[in-house]
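# A closer look at the structure
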Amino acid sequence: MGTSKRESVLLKKRLLLFFDVLALYVSVGYDLFYAWNEATESSELFGKPDVQQSMNAILWDLEKSFNLKTYRFTFGVLRQLYSRGASLTPAIQAFSKTLRRDLERDIEAHLRTAPLRAGLCLLFFFLPPALAFIVFPFLHHLRAIIFRF
Amino acid sequence: MLPGWLSDWSVRALRSQDWLSIEFFRHEKQFLKRVSVWSTAISAGLSLMITGGFAGSFLVILVLPFLFFAVTACRYRILKNQVAHDFMAKLHAIKGLLDVGTPFPLAVKLISQESSSQATFLLNRIVRGFQSGKSLEANFKKLEDKSPGEWVYRSLILIEQASRKGLALSPLVDSLLQLLDVEFQAEKRLKRLESEIWIQAFAASVIPWILCFVCWTFQPEMMEQAMRSLSGKILLLFILFWEGIGIWVLRSVNRFY
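Residues numbered from 1 in each chain as written. Chains lettered and ligands numbered in written order. Predicted model: local features only at pLDDT ≥ 70, side-chain atom pairs only at ≥ 80, totals over all residues.

## A short note on the overall build of chain A
Per the secondary structure count, chain A includes five helices and zero strands. Overall, chain A shows an N-to-C arrangement of helices and strands of α-α-α-α-α. A buried classification covers 25% of the 149 residues belonging to chain A. Contacts spanning at least 24 positions in sequence make up 51% of the contacts within chain A whose residues lie at least 6 apart. (Helix = DSSP H or I, 4+ residues; strand = E, 2+ residues; numbered from the N terminus. Buried ≥ 20, exposed ≤ 12 C-beta atoms within 10 Å, placed from the backbone. Contact = placed C-beta atoms within 7 Å.)

In C-alpha cells form, the structure reads like this:
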C-alpha cells in the first residue's frame, strides 16, 4: 500500500518510538514477545498481538505488509535473529538509530525546500491580487487607449 | 449545539494544534482576563475609529475573538517552549538524584518542592496521583492530550514503564535527555521556519489591501467607479477567494508532520 510523504514521516516517528521502548525492555533481558506486548501499550502503531499468535508470525506479517516498504526488512531481520536466538539489543538499537537519521534527513530536506515552496506560493497567490488592485481601475482607460490604435 | 461531525472535527483540529490545555487555562487566568479586557478595548477603539460611531459594534464582535485567540495562542506557544526547557532542566536534576540512589517518586517530589512552574505542576500532579495509590501509568495516561508537547508525554511514558518494571532509571533518563535534546532542537528549527513563513505570508496578504487603500486615497473617483461595477465586485470576491486558497496551500507547505 502506498503512503504519502507526510504519512510516511508520521509512521517513521511512531516506529521510532516503538523501537525505543522495545530496545529498553530487550536491553535488560526481557523476551521479545513480552517486550513487544509492553511496547504496544505506549504506541498506536501496532495493536495488541493475539495471545495465540507467535512472535514469528507477527514479524512475518509485518515483513510482508508493513506500510513503509523500506522498513519491512527490519522485521525480517528481527524474525531471523529471534528464531536463531541471537542477541536482539544491538539490532533494535541500530534500527532505531537508522530511523532517527532518516527522520533527521527528512527534516533537513523540509527545511531546505520549504522556503522555496513558500516563496513560490506567495508569488502565485498574493502577487496577482496586488497587481489586480493596481491595474484594474485603469483597465477601462487602457482599453480605450488600445482601441484608439 | 454543533452537529456531531463538526464537533468531532473541531476537537481533532484543536488537539492536533495542541493548544487545548487544561493546565494552561487553569494557570493563566490572570493573563486571560487581561487579554480579554485589552482585546475588548482595542476592538471597540478600532470599530469607533473606522465607523465613526457605536454603530460598528458588529465589528467589535468580528475583531474581538480573532484578537483574543491570536494573543492566547501566541502566549501558549511561548509557554510551551518554557515548559519544554524547564522540563529538561528538571530531568537533569532528577537524574542527579537517581544517581545517588534516590527512588524515582521521591526524586520527583523533591524537585517539584523546589520550584513552581508549569513543568513542576505536571510533575506534582503525577506524584499526587502516585501517593493516592494510583499507578504511575494511570497518572501519565491522564496527561494524554494535555501535556505540553508529544515528546514530553513520550519521555514520561518511557520513564514510567522503566519505573514500573524496576529497570535502572539513571542510564535511561540520561539517554532520554540526549534524545529529547536532539528532538527539541529539530522542533525549534521547524517552528522558527514556520513562523518566518507565516510572517511573510501575512505581509504578502496585506500588501494588496494597502495598495487598494493607497489607490483609493489618490484616485477615489476612479476606484469607486471600478469597484461599483459588477466586474469590480467579482474581482474583490475572487481576490478574497484566491488569498484564502493561498493561505490553505501555505499551511500544507509549512507542515512537516
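## Quick look at the overall build of chain B
Counting secondary structure elements, chain B contains 11 helices and zero strands. Helices (α) and strands (β) of chain B occur, in sequence order from the N terminus, as α-α-α-α-α-α-α-α-α-α-α. Excluding contacts between residues fewer than 6 apart, the proportion of contacts in chain B whose partners are at least 24 apart in sequence is 55%.

## Things to note about the packing of helix α1 (residues 5–27) of chain A against helix α2 (residues 32–41) of chain A
Residues and elements named next belong to chain A. Packing of α1 against α2 leaves a shortest axis separation of 9 Å and a crossing angle of 140°. With respect to their mutual orientation, α1 and α2 come out oblique. Of the two elements, α1 crosses α2, and the hand of that crossing is right-handed. Taken together, the residues of α2 that come into contact with α1 (itself represented by Phe18, Val21, Leu22, Tyr25 and Val26) are Leu32, Ala35, Trp36, Glu38 and Ala39. Its residues assigned to classes, the contact of α1 with α2 comprises nine nonpolar, no polar and one charged. (Axes fitted to C-alpha atoms, helices over the stretch in contact; angles between N-to-C directions. Parallel < 35°, antiparallel > 145°, perpendicular 65-115°, else oblique. Left-handed = near helix turned anticlockwise from the far one by under 90°. Nonpolar A, V, L, I, M, F, W, Y, C, P; charged D, E, K, R; others polar.)

## Digging into the interface of chain A and chain B
A common measure of how large an interface is: the accessible area buried when the components associate. Contacts between the two partners involve 28 residues from chain A, matched on the other side by 38 residues from chain B. Elements supplying a minimum of two residues to the side of chain A that touches chain B: α1 and α5 (89–148) of chain A. With 18 residues, the single largest contributor to the side of chain A that touches chain B is α5 of chain A.

## Some thoughts on the confidence of the model for chain A
Counting all residues, the mean pLDDT for chain A is 83, and 95% of those residues have values of 70 or more. Across chain A, the element-wise mean pLDDT spans from 81 in α1 of chain A up to 89 in helix α4 (residues 72–84) of chain A. (pLDDT = per-residue confidence, 0-100.)

## Here's the deal with the nonpolar core
The biggest cluster of nonpolar side chains holds 35 residues, and the ones touching the most others in it are Phe19 and Leu22 of chain A together with Val173 of chain B. The set of elements that each furnish at least two residues to this core consists of α1, α2 and α5 of chain A together with α4 (57–99), α5 (104–114), α8 (150–164) and α9 (169–218) of chain B. Ranked by residue count, the leading element in this core is α1 of chain A, at 11 residues. Ignoring sequence-local partners within four residues, the contact set of Val173 of chain B consists of Leu91, Ile94, Lys95, Leu98 and Ile159 of chain B. Leu122 of chain A together with Ala201, Leu250 and Val253 of chain B belong to the second-largest nonpolar core, a separate cluster that totals 10 residues. (Core = buried A, V, L, I, M, F, W, Y, C linked by C-beta atoms within 7 Å.)

## A word on the packing of α1 of chain A against α5 of chain A
Residue and element names in this part refer to chain A. Interaxial distance between α1 and α5 falls to 9 Å at its minimum, and their mutual angle equals 155°. Looking at the two axes, α1 sits roughly antiparallel to α5. As for the relative orientation of α1 and α5, their crossing is left-handed in sense. Facing α1, whose interface residues are Val9, Lys12, Lys13, Leu15, Leu16, Phe19, Asp20, Leu22, Ala23, Val26 and Ser27, α5 presents Thr89, Ile92, Gln93, Phe95, Ser96, Leu99, Arg100, Asp102, Leu103 and Asp106.

## Focus: the confidence of the model for chain B
Residues and elements named next belong to chain B. Residues at a pLDDT of 70 or more form 50% of chain B, whose mean pLDDT is 69. For residues 9–22, every residue scores under 50 in pLDDT, and the model assigns this stretch 10 contacts once sequence neighbours within four places are set aside. Considering only residues more than four positions removed or in separate chains, one finds that residues 143–148, a stretch of pLDDT under 50, has 16 contacts. Across the whole predicted complex the pTM is 0.64, and at the interface the ipTM reaches 0.72.

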